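# Chains, contacts and geometry: an overview
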Amino acid sequence: VEQKIAELEGGVGAMCTSSGQAATLISILNLCQTGDSFISTTEIYGGTVNLFSCTLKKLGIAHLANRGYTNISGGERQLVLIARAIAQQAKILIMDEPSANLDYGNRTRVMQTVRSLAREGYTIIQSTHDPDQAFLYSDKVLAIHDGAVLAHGSPQTTITSELISRLYGVEV
């Protein structure tokens, strides 16, 4: 697996639900220009384009570029972190509960964005405790309980009432 990941041209982008690394006064543009792997510009048709600005626009959050990271909503933060990974030209996005602590609207927006990226060819690996989210937005599911794989496959065949009962200790 590591060799396959290393062979990918764009690499891997990771998103965590914790925002502890972001300073209170850091702007969205500055947040996304930190780190060795950030590619801020690219040559397209003889001109230089800021990839992050283009990605913010693509995700519908360009208006946030000069706002402080801690001064935006949780859903907006998740979208900014997704934009950061895309601008770094990552082909695999690893997301730790990307919709955790979000209200319904922001959860839906974030997950629709994730689904759209998968359709564009990105590989999305996400952890979630929400079987509905896995069912609605995943192509494949791996259910793990106490360190053991309980089931894997398509959401339609894997996410069953028996599996949910076993994972969560509730009758469905």
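What you see is a predicted model, and the numbers here were worked out from it, not measured in a lab.

### Overview of the confidence of the model for the protein
Confidence in the prediction of the protein, expressed as mean pLDDT, is 77, and 72% of residues score 70 or more. Here helix 1 (residues 2-7) is the element of the protein with the lowest mean pLDDT, 44, and helix 7 (residues 155-158) is the one with the highest, 96. Here residues 18-26 is a poorly scored stretch, pLDDT under 50, and it has 12 contacts once near neighbours within four places are set aside; other chains count.

### What about the packing of helix 3 (residues 51-58) against helix 4 (residues 74-87)?
Two numbers describe how helix 3 lies on helix 4: the axes approach to 9 Å, and their chain directions differ by 135 degrees. Considering the angle they form, helix 3 stands oblique to helix 4. For the pair helix 3 and helix 4, the sense of crossing is right-handed. In contact with Leu51, Phe52, Thr55 and Leu56 of helix 3, helix 4 contributes Val80, Ala83, Arg84, Ile86 and Ala87. Residues that form the contact of helix 3 with helix 4 fall into these classes: seven nonpolar, one polar and one charged.

### A word on helix 5 (residues 104-119)
The terminal C-alpha atoms of helix 5 lie 22 Å apart, and with 16 residues this matches the ideal 22 Å at 1.5 Å per residue to within 8%. All buried positions along helix 5 are accounted for by Asn106, Thr108, Val110, Met111, Thr113, Val114, Arg115 and Leu117. Tucked inside the fold, the buried residues of helix 5 contact helix 3, helix 4, strand 4 (92-96), strand 5 (123-127) and helix 6 (131-137). In this structure Asp103 caps helix 5, since a side-chain oxygen of it lies 3.2 Å from the backbone nitrogen of Gly105. The first or second residue beyond helix 5 is Gly121, which carries a positive phi of 110 degrees.

### Here we look at the nonpolar core
By size, the foremost hydrophobic cluster in this structure holds 26 residues, and its most contacted members are Ile61, Ile82, Leu93 and Val110. Elements that contribute at least two residues to this core include exactly helix 3, helix 4, strand 4 and helix 5. It is helix 4 that contributes the most residues to this core, eight residues altogether.

### Things to note about helix 4
Taking 1.5 Å per residue, 14 residues should reach 20 Å; helix 4 reaches 20 Å between its end C-alpha atoms and fits that length. Taken across its 14 residues, helix 4 has 12 buried, putting it largely inside the fold. Considered for burial, the residues of helix 4 that qualify are Gly75, Arg77, Gln78, Leu79, Val80, Leu81, Ile82, Ala83, Arg84, Ala85, Ile86 and Ala87. Of the residues trailing helix 4, Gln89 is marked for its positive phi of about 60 degrees.

Cut-offs and rules
- Residues numbered from 1 in each chain as written.
- Predicted model: local features only at pLDDT ≥ 70, side-chain atom pairs only at ≥ 80, totals over all residues.
- Heavy atoms only, no water.
- pLDDT = per-residue confidence, 0-100.
- Helix = DSSP H or I, 4+ residues; strand = E, 2+ residues; numbered from the N terminus.
- Contact = heavy atoms within 4.5 Å.
- Axes fitted to C-alpha atoms, helices over the stretch in contact; angles between N-to-C directions.
- Parallel < 35°, antiparallel > 145°, perpendicular 65-115°, else oblique.
- Left-handed = near helix turned anticlockwise from the far one by under 90°.
- Nonpolar A, V, L, I, M, F, W, Y, C, P; charged D, E, K, R; others polar.
- Expected span 1.5 Å × (residues − 1).
- Buried < 20%, exposed > 50% of the residue type's maximum accessible area, 1.4 Å probe, protein only.
- Polar contact = N/O pair within 3.5 Å; in protein donor to acceptor, adjacent residues only side chain to side chain.
- Core = buried A, V, L, I, M, F, W, Y, C linked by side-chain atoms within 4.5 Å.

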